[in-house]
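Summary of structural features
Listed here are the chains, written in short residue letters.
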Amino acid sequence: MGKTHERIDGRLRTFIEAQPVFFTATAPLAADGTVNLSPKGLTGSFAVLDEHTVAYLDFAGSNAETIAHLRENGRITLMWCAFQGPPNIVRVHGRGEPVFRDDPRFGELLAHFPDIDTTQHGLRAIIVVTAELVRDTCGYAVPFMAYEEDRDLHAKRFAREDDASLDAYFSKKEHIASSLDGLPGLPLPLPPSTV
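What this report covers is the structure whose coordinates are included nearby.

Counting secondary structure elements, the chain contains five helices and eight strands. Put simply, the chain runs from its N terminus to its C terminus through helices and strands in the order β-α-β-β-β-β-α-β-β-α-β-α-α. Taken over the C-alpha trace, the chain has a radius of gyration of 17 Å; the compact-globule value for 195 residues is 16 Å, and the two agree within 12%. Referenced to the eigenvectors of the C-alpha coordinate spread, the extents of the chain come out at roughly 50 × 40 × 30 Å. Within the chain, buried positions represent 45% of all 195 residues. Sequence-distant contacts in the chain: of pairs separated by 6 or more residues, those separated by 24 or more amount to 73%.

Below, the structure written as structure tokens:
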């Protein structure tokens, strides 16, 4: 039932780009480390950069597990499920890297997300993932669910923040500068944007 794909293109790319939500999974190298699984959404915050590379915007939140794990070992899996239409699950297994706001590549990468106002969400980094294995499977057991719209709560919460207040917010959170397992997370103070 599963099929391995050499690249992210055609029907596969169309499917991925059409999904309103996807999931990220990362883990530290330590055998007793905490595995992280996160849902991601917000229309316009994901982009296919080329046939082997995808990226998504990493916004303000109460932890930075994905960033910490990627800084330690780079391993990441992204997953999309068809909650409408024909059943399908797509996974991109690969190597990820957080590109922080002070990185010279940040502005060029940010240009791939023209349909979202990043100032509304406390943008911390852009996560870039290079695919090493791309597979799809049947998804027969995934339920039908209807997408209504993006929640506006994230933008309402973080639109009022500037760099100084975001840095203060991040500094108060226990698992931003370091992960649940003590790995380095988001560099603080918050790096200034290059754009």
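Our next topic: the nonpolar core. Counting 32 residues, the largest nonpolar core has Phe46, Leu78 and Trp80 as its most contacted members. Elements with a contribution of two residues or more to this core: helix H1 (10-18), strand S4 (46-50), strand S5 (53-59), helix H2 (65-72), strand S6 (75-81), strand S7 (89-100), strand S8 (123-137) and helix H5 (163-172). The dominant element in this core, judged by the number of residues it contributes, is S8, at five residues. Among residues more than four places away in sequence, those in contact with Phe46 are Ile16, Phe22, Val54, Ala55, Tyr56, Leu78, Trp80 and Phe113. Counting residues in hydrophobic clusters, the runner-up holds 13 residues, among them Phe59, Val99, Leu109 and Leu110.

A separate point is unusual backbone geometry. Pro189 follows Leu188 through a cis peptide bond whose omega is 5°. Assignment of secondary structure puts Pro189 in the segment after H5. Positive phi outside glycine occurs at Leu42, with the angle close to 75°. Its place among the elements puts Leu42 in the loop between strand S3 (36-40) and S4.

Let's shift gears to the pairing of S7. Sheet topology note: the S6/S7 ladder contains seven bridges and is antiparallel. Counted as the bridge partner of Met79 is Arg91 from S7. Note: S7 against S8, twelve bridges, orientation antiparallel. Bridge pairing in S8 links Pro98 to Ile127.

As a further point, take the packing of aromatic side chains. Going through the model one piece at a time under the given rule, you end up with six aromatic pairs. Measuring from centroid to centroid gives 5.4 Å for Phe158 and Tyr169, while their planes differ by 75°, and the two rings are edge-to-face. Linking Phe158 in helix H4 (residues 153-158) with Tyr169 in helix H5, this pair joins segments that are eleven residues apart in sequence. With respect to burial, Phe158 and Tyr169 carry one shared label: buried.

Throughout the structure, instances matching the rule amount to nine salt bridges. In this structure, Asp163 and Arg101 form a salt bridge, with 2.9 Å as the shortest nitrogen-oxygen distance. Of the two residues, Asp163 sits in helix H5 while Arg101 sits in the loop between S7 and helix H3 (106-110), which places them 62 residues apart along the sequence. Relative accessible area serves as the criterion here: at 40%, Asp163 is assigned to the partly exposed category. Between Arg105 and Asp103 there is a salt bridge, with its nearest N and O atoms 2.8 Å apart. Looking at Asp103, the relative accessible area reads 17%, which means it is buried.

Rules behind the numbers
Residues numbered from 1 in each chain as written. Predicted model: local features only at pLDDT ≥ 70, side-chain atom pairs only at ≥ 80, totals over all residues. Heavy atoms only, no water. Helix = DSSP H or I, 4+ residues; strand = E, 2+ residues; numbered from the N terminus. Rg over C-alpha atoms; globule rule 2.2 N^0.38 Å. Buried < 20%, exposed > 50% of the residue type's maximum accessible area, 1.4 Å probe, protein only. Contact = heavy atoms within 4.5 Å. Core = buried A, V, L, I, M, F, W, Y, C linked by side-chain atoms within 4.5 Å. Pairing = 2+ DSSP bridges. Phe/Tyr/Trp six-rings, centres within 6.5 Å; stacked < 30°, edge-to-face > 60°. Salt bridge = Lys/Arg side-chain N within 4 Å of Asp/Glu carboxyl O.

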